[in-house]
2 protein chains.
Amino acid sequence: MANTEATEPLLLGSEDPEAQKLRRQLKNRRLRRARSAPCNIIGDSPDTNCNIPEPRSESLFGNIHSSFRKVAMYYLILYLGIGSVVFYLVRDQLKGLKTNGVLDAIYFTVVTMTTVGYGDIVPDSNLTKLLACALVFSVMPLVGLILGKAADYLAEKQQVYLVKAMHKMHQQVGQRARYKFLLAFFLLLIMIIVGTVFLVAVEKLEVVDALYCVCSTLTTLGYGGKSFSTEAGRIFAVFWILAGTISLALVFLYIAELNTESREKAIVKLVLSRKMTILDLEEADLDGDGKVGAAEFIIYKLKDMGKISEEAISLLMQEFEELDVDQDGILSVSDLTGQVGNI
Amino acid sequence: MANTEATEPLLLGSEDPEAQKLRRQLKNRRLRRARSAPCNIIGDSPDTNCNIPEPRSESLFGNIHSSFRKVAMYYLILYLGIGSVVFYLVRDQLKGLKTNGVLDAIYFTVVTMTTVGYGDIVPDSNLTKLLACALVFSVMPLVGLILGKAADYLAEKQQVYLVKAMHKMHQQVGQRARYKFLLAFFLLLIMIIVGTVFLVAVEKLEVVDALYCVCSTLTTLGYGGKSFSTEAGRIFAVFWILAGTISLALVFLYIAELNTESREKAIVKLVLSRKMTILDLEEADLDGDGKVGAAEFIIYKLKDMGKISEEAISLLMQEFEELDVDQDGILSVSDLTGQVGNI
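Residues numbered from 1 in each chain as written. Chains lettered and ligands numbered in written order. Predicted model: local features only at pLDDT ≥ 70, side-chain atom pairs only at ≥ 80, totals over all residues. Heavy atoms only, no water.

With respect to the overall build of chain A
Then, in step 1: Counting its regular elements, chain A contains 14 helices and 4 strands.
Then, in step 2: When contacts within chain A are restricted to residue pairs at least 6 apart in sequence, long-range pairs at least 24 apart make up 68% of them.
Then, in step 3: Of the roughly 15400 Å² of accessible surface on chain A, a fraction of 61% belongs to carbon and sulfur atoms. (Helix = DSSP H or I, 4+ residues; strand = E, 2+ residues; numbered from the N terminus. Contact = heavy atoms within 4.5 Å. Areas by Shrake-Rupley, 256 points an atom, 1.4 Å probe, with all protein chains shown as cover.)

Side note on the environment of Glu 319 of chain A
Then, in step 1: Here Glu 319 of chain A lies in helix 13 (residues 310-323).
Then, in step 2: Considering only alpha carbons, one finds Glu 319 of chain A and Asp 335 of chain A, 16 residues apart in sequence, at a separation of 13 Å.

Examining the UniProt feature "transmembrane region" (unreviewed entry) in chain A
Residue and element names in this part refer to chain A.
Then, in step 1: Those places that UniProt annotates as "transmembrane region" (unreviewed entry) correspond, in this numbering, to residues 72-90, 102-121, 127-148, 181-202 and 235-256.
Then, in step 2: Secondary structure content for residues 72-90 is 95% helix and 0% strand, while the C-alpha to C-alpha distance between its ends is 27 Å.
Then, in step 3: Annotation note: span residues 235-256, helix share 100%, strand share 0%, distance between end C-alpha atoms 33 Å. (UniProt positions renumbered as here; feature names shortened; annotations may be inferred.)

Structural notes on the domain arrangement of chain A
All names here are of chain A.
Then, in step 1: You can read the domains of chain A as domain 1 (58-272) and domain 2 (278-335).
Then, in step 2: Taking only C-alpha atoms, the centre of domain 1 and the centre of domain 2 are 47 Å apart.
Then, in step 3: Counting the surface lost from both domain 1 and domain 2, the interface buries some 510 Å², and carbon and sulfur atoms represent 71% of this.
Then, in step 4: Together, Leu 162, Ile 267 and Val 271 form the three largest contributors to the area buried by domain 1 at its contact with domain 2, with a combined 69%.
Then, in step 5: The interface formed by domain 1 and domain 2 holds 1 salt bridge in total.
Then, in step 6: Notably, a salt bridge pairs Lys 307 with Glu 264, separated by 2.9 Å at the nearest N-O pair.
Then, in step 7: Counting across the domain 1 and domain 2 interface gives 2 residue pairs in polar contact (both at pLDDT 80 or more).
Then, in step 8: The set of elements that each furnish at least two residues to the side of domain 1 that touches domain 2 consists of helix 7 (140-168) and helix 10 (231-272).
Then, in step 9: Considering each element in turn, the side of domain 1 that touches domain 2 owes the most residues, 5 residues, to helix 10.
Then, in step 10: The residue makeup of the side of domain 1 that touches domain 2, split by class, is 6 nonpolar, 1 polar and 1 charged. (Domains from an automatic or database assignment. Buried area = accessible area lost by both parts, 1.4 Å probe. Salt bridge = Lys/Arg side-chain N within 4 Å of Asp/Glu carboxyl O. Polar contact = N/O pair within 3.5 Å; in protein donor to acceptor, adjacent residues only side chain to side chain. Nonpolar A, V, L, I, M, F, W, Y, C, P; charged D, E, K, R; others polar.)

A few points about the packing of aromatic side chains
Each pair of aromatic rings is reported with the distance of its centres and the angle of its planes.
Residues and elements named next belong to chain B.
Then, in step 1: Within this structure, the stated rule accounts for 26 aromatic pairs over all chains.
Then, in step 2: Both rings, one in Phe 87 and one in Phe 108, keep their centres 4.7 Å apart while their planes meet at 50°; by these two values the pair is tilted. Taken together, the residues Phe 87 in helix 4 (residues 62-89) and Phe 108 in helix 5 (residues 101-113) connect sequence positions 21 residues apart.
Then, in step 3: By relative accessible area, which is 1% here, Phe 87 ends up buried. (Phe/Tyr/Trp six-rings, centres within 6.5 Å; stacked < 30°, edge-to-face > 60°. Buried < 20%, exposed > 50% of the residue type's maximum accessible area, 1.4 Å probe, protein only.)

Points about the pattern of salt bridges
Then, in step 1: As enumerated under the stated definition, the model contains 22 salt bridges over all chains in all.
Then, in step 2: Two residues, Arg 234 of chain A and Asp 120 of chain A, come together in a salt bridge whose shortest N-O distance is 3.4 Å. Here Arg 234 of chain A, found in helix 10, pairs with Asp 120 of chain A, found in the loop between helix 5 (101-113) and strand 2 (121-123); they are 114 residues apart in sequence, far enough to count as distant. Each member of the pair Arg 234 of chain A and Asp 120 of chain A is classed as buried.
Then, in step 3: Between Asp 104 of chain B and Arg 234 of chain B there is a salt bridge, and its shortest N-O distance comes to 3.0 Å. On the criterion of sequence distance, the pair formed by Asp 104 of chain B in helix 5 and Arg 234 of chain B in helix 10 (residues 231-272) is long-range, its members being 130 residues apart. The pair Asp 104 of chain B / Arg 234 of chain B is uniform in exposure class, with both members buried.
Then, in step 4: It is possible to trace a salt-bridge network through shared partners that takes in Asp 104, Asp 120 and Arg 234 of chain A.

Here's the deal with the packing of helix 8 (residues 176-201) of chain A against helix 9 (residues 207-218) of chain A
All names here are of chain A.
Then, in step 1: Where helix 8 meets helix 9, the axes come as close as 9 Å, and the angle between the chain directions of the two elements is 135°. Classified by the interaxial angle, the pair formed by helix 8 and helix 9 is oblique. The crossing of helix 8 and helix 9 is right-handed. Contacts from Leu 188, Ile 192, Gly 195, Thr 196, Leu 199 and Val 200 in helix 8 reach Val 207, Ala 210, Leu 211, Cys 213, Val 214 and Leu 218 in helix 9. (Axes fitted to C-alpha atoms, helices over the stretch in contact; angles between N-to-C directions. Parallel < 35°, antiparallel > 145°, perpendicular 65-115°, else oblique. Left-handed = near helix turned anticlockwise from the far one by under 90°.)

A few points about the packing of helix 5 of chain A against helix 6 (residues 126-137) of chain A
All names here are of chain A.
Then, in step 1: Orientation of helix 5 relative to helix 6, taken along the N-to-C sense of each, is 55°, at an axis distance of 9 Å. It follows that helix 5 is oblique to helix 6 by the angle criterion. Crossing hand, helix 5 versus helix 6: right-handed. Where helix 5 abuts helix 6, its residues Phe 108, Thr 109 and Thr 112 lie against Ala 132, Leu 135 and Val 136.

Looking at a nonpolar patch on the surface
Then, in step 1: A contiguous nonpolar patch, built from Val 85, Tyr 88, Leu 89 and Val 102 of chain A and spanning about 380 Å² of accessible area, is present on the exposed surface.
Then, in step 2: Among the elements that make up the nonpolar patch, the one with the highest residue count is helix 4 (residues 62-89) of chain A (3 residues). (Patch = residues over 30% accessible without salt bridge, like charges linked within 9 Å, V, L, I, M, F, W, Y side chains within 5 Å.)

Some thoughts on helix 5 of chain A
All names here are of chain A.
Then, in step 1: With 13 residues, helix 5 extends 18 Å between its outermost C-alpha atoms, agreeing within 8% with the 18 Å of an ideal straight helix rising 1.5 Å per residue.
Then, in step 2: Burial within helix 5 is extensive, with 10 of its 13 residues counted as buried.
Then, in step 3: Of the positions making up helix 5, those classed as buried are Leu 103, Asp 104, Ala 105, Tyr 107, Phe 108, Thr 109, Val 110, Val 111, Thr 112 and Met 113.
Then, in step 4: With a side-chain oxygen positioned 2.9 Å from the backbone nitrogen of Val 102, the residue opening helix 5 is Asn 100. (Expected span 1.5 Å × (residues − 1).)

This is the structure we're talking about:
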């Protein structure tokens, strides 16, 4: 039963590409779930080997995230390319400590796009000042894209951690969020150490000056003062600034994920450990027939966990009543006949 | 029916304050919803004046957001206060363009905490360099807090826009997301204009230099060069920098919200406009009794919209089966007797 594949062709009509893309995404999610989930529950195959599967947290939305990574990467390369070429062409209108022409243009672009802005090379004409404004404002869509994706990621994780926390009521599962946070934190530490050592060894800074430069770079503060003035230093800086600021951003992301995880855990613990009372039964009885079936129980618990609002349920209920032509509270083939006839 | 208030006292046991707080939040959500939602649906009070209520998007999580705003505000004031006092005390170890001692300390703190870092006043000793590092790193928790809250906000909005989009299938409702975005964008424009005019009029900059300084401030780039060098300029800067960077952040947030809204709309349109087929009916039949009740229909649609995963449903189903002692597929008072007896 429940052959998702077979129903799909019916869905694809003459619709715009955007809707088709969305449909594919939703379909992917359903298919992936279908592969991992229904287990001794629908009832027609008492599969005794069936364990509760580990949530497919990583692969579930893998397609969406990888396509985002591709877009962000293209944007970054295009941005760095165009920025570097433009500022190489107007390199005579930049003032400050200069090394190699091409390298300085790339270095200036990176220092600008990460909003570090040391001030060791600055625009020195109206043209370059306006170009710098354009450069820094045109990175904003990328920042917006990244923040939006981070929010999506966390929203998806909320679902994943809900499931994980429910599993936890039954069995132990690993903690990926803490692991990812530690990894990002470790990466940031390495960036701090590598940057400090480099500045001391190659740029010949004092240790405090080196630490100060590292701090002011990773936080994108960039007061100026001593930074990367040698050719080797600027080659290093181009990679190190990008990697360092990304590390800090990842630390933030995974802290937020840790919070999401612990909150979902708390909600699940609260709601699932709560004993059902007679009043709960009354409240759960959606169709008012005095009986609480499995589906009504599930909706009640979802509502209790704040996963779905009363209003959304009301509106779906309305939808159901419109479909239920014979008003018997059950959606049957006869209710659909009018529709099915069209296909 | 459904007397939420009466069931609540049963829930409050001897638990830790964190759990109680969470419980109160969940309860608040449920109570608020209960006030606005159940309407001609449970079936025992055919209220003919009942319109579909406008989603309570703003007030629903108002408590949580306002407590966050309070925390963020306290943090900001404490941060500015401590930062200003500390850098006032070590003002002799800062170099650069100075005006009034107190004002410069506040100005330096704001320029540092927003990571603008013009470089017009910079640390000039090991002590002040390390203090500046501490200052800029201690703003990171606030940034993390804000980003986390922004993600929560967007996740909640996802639910709200789901409901709004479902309403739209029936009736027209206003578009708050676009309105908020335009407001933030307008605020940002005003900040840009006010900043530019001020820099031209008071700091006597060229128009291009003023625009360049505004750009490099709002994006927190802060190359240095010409910025706020007068006393009046720095008083203005303290407020303008904070307001300006917040405006830009709000523009980002509301762009993300617009995306969320349009995606939810697309999902709802796709799923609700889709015709049910016989295969859908089979898939929706959770308990496998050959009938699709209202609750099963709702779960099927929620699953279809990607709002709840198959796994979460499986686990709740398991929960149900454990509670359903007599295995008749219905949760009745007799199933609960063992539990109810304990209360």
